Amino acid sequence: MTDTPAVKRVRTRHFAQAKRDGHKISGLTAYDAASAKVFDQAGIDFVLIGDSAANVMLGYDTTLPIKVDELITMSRSVVRAVERAFVIADLPFGSYEVSPEQALETSIRFMKESEAHAVKLEGGVRVESHIRRITESGIPVCAHIGFTPQSEHNLGGHIIQGRGDGAEQLLEDARAIERAGAFMVVLEMVPSDVAARVTEELSIPTISVGAGPHCDGQLTVWTDTFGYGQGRRPKFVRQYADLAGVLRDATKQYIDDIQSGAYPSEAESYENTHPDGKSPFGP
């Protein structure tokens, strides 16, 4: 979709148009203004303030502990940084499961307090009524099925979903999401042939997170894709840079320059003079 520079701000209708025209959609996670601005300048179509921030930014083992207030703060910083990209905010675990009303209340908080453009929540058939309640209130929803990290313990770990008999359940989840009014759906860790079936059947765009090349777009965690993370890199991630290595080498050089006295130099220091060049102590 980045081959349409006339789009000043990506909207939900542009995702629908991209699917109809066969243009691939690009997405990355972002958790702060600095990274979001770079991705936006490069032409990314959407950024997701994912609850993966729990792992990537806050150091937790799972996504479960992150709070609404923490994600709203991150979402607010991302929204302020981007000009073109569509911004989606994750609803964290515990903030929508209780009822459709709870899901709507949390979504309203994100839309008002962070000014995100849409929300994302996990689940298919089980959250159909939640998605419908949110979308009927005028808030765009991106759904998320397949491997759903918030259900990691119930699923038995990072297990590929949709294999064998699970393919039919995945399809039913996808149909439920579309019925409920979601404008897009993320398929995570799903066999590529099953993702292709879902993509063909649905009229809304499908976004792959480890679901192969046949979806309408791709989404990855930016620290995995650009080599900034320190943990395990999933099989489906292609690493485009080694930012951690660059930063590590630069830090070592910084330390060496401080210890040798090479930093700061005279050019990087201030003199005790007035702007007109006169000494503060007289002629």
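Cut-off values and rules
Sequence order sets the numbering: in each chain, residues are counted from 1 along the sequence as written. Per-residue local features of the predicted model are confined to residues with pLDDT of at least 70, and side-chain atom pairs are confined, for both listing and counting, to 80 or more; whole-chain, interface and lining totals are unaffected and use all residues. Just so you know, side-chain values use all the structure's heavy atoms and leave hydrogens and water out. Under the DSSP-based scheme used, a helix requires at least four consecutive residues in state H or I and a strand at least two consecutive residues in state E, with every element numbered from the N terminus. With a 1.4 Å probe rolled over the protein chains alone, any residue whose accessible area is under 20% of its type maximum counts as buried; one over 50% counts as exposed, and the rest are partly exposed. Here, two residues are considered to be in contact whenever any of their heavy atoms come within 4.5 Å of each other. Computed with a 1.4 Å probe, the accessible areas rest on the Shrake-Rupley method; for each residue, only the protein chains presented here act as cover. Counting rule applied: Lys, Arg positive; Asp, Glu negative; His and chain ends not counted. Lys charges are placed at NZ, Arg charges at CZ, Asp charges at CG and Glu charges at CD. DSSP calls a pair of strands paired once it identifies at least 2 bridges connecting them. Each axis is a line fitted through C-alpha atoms, taken for helices only over the stretch in contact, and angles between the N-to-C directions span 0 to 180 degrees. Angles are sorted into four bins: roughly parallel if under 35 degrees, roughly antiparallel if over 145, roughly perpendicular if 65 to 115, and oblique for all others. Left-handed is the label given to a crossing in which the near helix is rotated counterclockwise from the far helix by less than a right angle, and right-handed is the label when the rotation is clockwise. For this scheme, ten residues count as nonpolar: Ala, Val, Leu, Ile, Met, Phe, Trp, Tyr, Cys and Pro. Four count as charged, namely Asp, Glu, Lys and Arg, and the remainder, Gly too, count as polar. Each Phe, Tyr or Trp ring (for Trp, its six-membered ring) is paired with any other whose centre lies within 6.5 Å, and the angle between the two planes then decides the class: stacked below 30 degrees, edge-to-face above 60, tilted in between.

Participant: Would you explain the overall build of the protein in this entry?
Facilitator: Scanning the protein from terminus to terminus reveals 11 helices and eight strands. A principal-axis box enclosing the C-alpha atoms of the protein has dimensions of 85 × 40 × 35 Å. Each of the 283 residues in the protein was classed as buried or not, and the buried ones make up 49%. Relative to all contacts within the protein whose residues are 6 or more apart in sequence, the contacts with residues 24 or more apart total 58%. For the protein, the exposed area adds up to about 14,600 Å²; of that, 52% sits on carbon and sulfur atoms. In the protein, the 29 positive side-chain charges and the 39 negative ones have mean positions that sit 4 Å from each other.

Participant: Honestly, the sheet that holds strand β2 (residues 46-49) in this entry has me stumped. Any pointers?
Facilitator: The pairing of strands in a sheet happens through backbone hydrogen bonds and is either parallel or antiparallel. Strand order around the closed barrel formed by eight strands is β1-β2-β3-β4-β5-β6-β7-β8, with parallel pairing between neighbours. The mean inter-strand angle of the sheet, taken between neighbouring strand axes irrespective of direction, is 25°. Sheet topology note: the strand β7 (residues 206-209)/strand β8 (residues 217-220) ladder contains two bridges and is parallel. Bridge pairing in β8 links serine 208 to glutamine 218. Running over the sheet, helix α4 (residues 68-81) touches β2 and β3 (86-90) and is turned about 160° from β2.

Participant: What's the story with the packing of helix α6 (residues 128-136) against helix α8 (residues 166-180) in this structure? I'm lost.
Facilitator: A pair of packed helices is captured by two measures, namely the crossing angle of their axes and the spacing between those axes. It is at 8 Å that the axes of α6 and α8 come closest, and there the two elements cross at 25°. On the basis of their axis angle, the class for α6 and α8 is roughly parallel. The handedness of the crossing between α6 and α8 is right-handed. Two secondary-structure elements touch here, α6 through Glu128, Ile131, Arg132 and Thr135 and α8 through Ala176, Ile177, Arg179 and Ala180. The class makeup of the residues in the contact of α6 with α8 is four nonpolar, one polar and three charged.

Participant: It is not clear to me how the environment of alanine 211 should be interpreted in this structure. Could you clarify?
Facilitator: Along the chain, the position of alanine 211 falls in the loop between β7 and β8. As a C-alpha pair, alanine 211 and phenylalanine 110 span 101 residues in sequence and 28 Å in three-dimensional space. Apart from the residues lying within four places of it in its own chain, the contact partners of alanine 211 are Leu187, Val190, Ser192 and Ala195.

Participant: In this structure, what is going on with the packing of aromatic side chains? I would like to understand it.
Facilitator: Geometry of an aromatic ring pair is reported as the spacing of the ring centres plus the angle between the planes. In this structure the tally under the stated criterion is eight aromatic pairs. The interplanar angle of 80° and the centroid separation of 6.1 Å between the aromatic rings of phenylalanine 15 and phenylalanine 46 together place this pair among those described as edge-to-face. On the criterion of sequence distance, the pair formed by phenylalanine 15 in helix α1 (residues 12-21) and phenylalanine 46 in strand β2 is long-range, its members being 31 residues apart. The exposure class of phenylalanine 15 is buried, given its relative accessible area of 0%. A ring pair is formed by phenylalanine 39 and phenylalanine 226, whose centres lie 6.0 Å apart and whose planes are at 40°; its orientation type is tilted.

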